[in-house]
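Each chain, written out:
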Protein chains: 2
Amino acid sequence: MDDRVISKAVISRLPRYFRYLGDLMRNGVERISSKELSEMMKVTASQIRQDLNTFGGFGQQGYGYNVKYLYDEIAKILGVNHKHHMIIIGAGNLARSLANYTGFNNFGYYVIGLFDHNPALKGITFNGIPIRMLDELPDFLTHINVSVAALAVPKHAAHDVAQFLIDNGIKAIWNFVQTDLEIEFPENVVVQNVHLSDSLMQLSYAMTVAEREAQQ
Amino acid sequence: MDDRVISKAVISRLPRYFRYLGDLMRNGVERISSKELSEMMKVTASQIRQDLNTFGGFGQQGYGYNVKYLYDEIAKILGVNHKHHMIIIGAGNLARSLANYTGFNNFGYYVIGLFDHNPALKGITFNGIPIRMLDELPDFLTHINVSVAALAVPKHAAHDVAQFLIDNGIKAIWNFVQTDLEIEFPENVVVQNVHLSDSLMQLSYAMTVAEREAQQ
């Protein structure tokens, strides 16, 4: 595994393969051909073969892919083959919807903490998780290993809170704030941005193109 | 505008330019060089020049880009230069966090309706918006023009509700359900998926790579 170099483009497609393979496994499917997978996923069979070959997911002619093998290999590559703890910073609606969503458990991610700075929320339990104050975080982290912090705070607080997380040893930030975090990240800290505004603008563009085409 | 072909890669980067240019404008900046923009956005100046040239955003040597001109051009391309109405299907935490987020107003998107099928929620007002029942939607749409429906319903309901939206003339679906919508979309209907699970898996991968590198 360690020596394989997999292109960014393939990596970006792996979560989708993982979702489909998981569904197939849960439905008791043991083998699938690239043609069948291609029809399900609406990508070409050659794209699938090419993508899966990059990490040794070789199908056999007339026999297809072993669903569980592929699923496990992709899980290893994505690092979702073991349990991870996630905390959520912020306790608003977005934070609560993340805490509420159990689908992350399917690939080993469990929300174990909600942190906010508003004293009025202290001790309120949401979905079985008590809301803690941000200044309790350093102590919390000495007792339990946390892989990911989801950042769902107001924009004006984002930079300070992100810096606070990094100073306290958080290595992965899932950023839901509608801003790029412009701080110097240490090399071993990774950030994944979820820019909902950007996503809505992409949709807006697609809509504009479709409208224009309809008028022609 | 209509005849320009802009690559998907450039389009995917435009929302980020739009965000930065909007911030600059609000801070009273009138002109910016590709070098300055490059430092702010942490992409190369040549990438910026190349991206902006594709739609005629020519900077002048020693003079830079006109911030407002660029902003307006990108707004036109993305279709965010006029007001759009958005409705949200579902009234759970995610739906509420979307209804709560006023940042979409910055580029002309306004949430004007929340729809659910749970009679217990009927008439409850969230953020000034009354929750309506899904079967009221067809009538609602005869009175008001809706550009986008954000889909935030449970997974098992996603396909039926999406079909219902399309049958009632919705042309753009912003899909927050953690599933690909496997229905036959008419050609003039566009869908943008927000797969949070996929995003978390990408982060998980980056984290795995960073950990491996730290061990070497």
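Our structure is the block above this text.
Visitor: When you look at the packing of helix α2 (residues 34-41) of chain A against helix α3 (residues 45-53) of chain A in this model, what are you seeing that I'm missing?
Guide: Working note: a packed helix pair is described by the angle between its axes plus the distance between those axes. All names here are of chain A. In contact at an axis separation of 8 Å, α2 and α3 are set at 110° when each is read in the N-to-C sense. With respect to their mutual orientation, α2 and α3 come out roughly perpendicular. For the pair α2 and α3, the crossing hand works out as right-handed. Facing α2, whose interface residues are Ser 34, Lys 35, Leu 37 and Ser 38, α3 presents Ala 45, Ile 48, Arg 49 and Leu 52.

Visitor: Before we go on, may I ask you to explain the side chain of Gln192(B) in this structure?
Guide: Here Gln192(B) lies in strand β9 (residues 190-193). Of note is the side chain of Gln192(B), whose polar atom sits 3.5 Å from the side chain of Ser199(A). Each residue touching Gln192(B), except ones within four places of it in the same chain, is listed here: Ser199(A), Gln202(A), Leu203(A), Ile173(B), Trp174(B) and Asn175(B).

Visitor: Would you mind showing me how to read the environment of Gln202(A) here?
Guide: By secondary structure assignment, the location of Gln202(A) is in helix α8 (residues 196-215). Sequence separation of Gln202(A) and Val189(A) is 13 residues, and the distance between their C-alpha atoms is 28 Å. Setting aside residues no more than four positions away along its own chain, Gln202(A) makes contact with Ile11(B), Ser12(B), Pro15(B) and Gln192(B).

Visitor: Mind showing me how you'd approach the packing of aromatic side chains here?
Guide: Applying the stated criterion across every chain yields a total of 14 aromatic pairs over all chains. Measuring from ring centre to ring centre gives 4.7 Å for Tyr101(B) and Phe104(B), while their planes differ by 80°; the resulting arrangement is edge-to-face. A residue is classified by how much of its surface remains accessible, and Phe104(B), at 1% relative accessible area, is buried. Among the aromatic residues, ring-to-ring pairing joins Tyr101(A), Phe104(A), Phe107(A), Tyr109(A), Trp174(A) and Phe176(A) into one connected group. Just above the ring of Tyr110(A) sits the side chain of Lys83(A); from NZ or CZ to the centre is 4.9 Å. A cation over a ring is seen here: Arg96(A) above Phe126(A), with NZ or CZ 5.4 Å from the ring centre.

Conventions and cut-offs
- Residues numbered from 1 in each chain as written.
- Chains lettered and ligands numbered in written order.
- Predicted model: local features only at pLDDT ≥ 70, side-chain atom pairs only at ≥ 80, totals over all residues.
- Heavy atoms only, no water.
- Axes fitted to C-alpha atoms, helices over the stretch in contact; angles between N-to-C directions.
- Helix = DSSP H or I, 4+ residues; strand = E, 2+ residues; numbered from the N terminus.
- Parallel < 35°, antiparallel > 145°, perpendicular 65-115°, else oblique.
- Left-handed = near helix turned anticlockwise from the far one by under 90°.
- Contact = heavy atoms within 4.5 Å.
- Polar contact = N/O pair within 3.5 Å; in protein donor to acceptor, adjacent residues only side chain to side chain.
- Phe/Tyr/Trp six-rings, centres within 6.5 Å; stacked < 30°, edge-to-face > 60°.
- Buried < 20%, exposed > 50% of the residue type's maximum accessible area, 1.4 Å probe, protein only.
- Lys NZ or Arg CZ within 6 Å of the ring centre and 35° of its normal.

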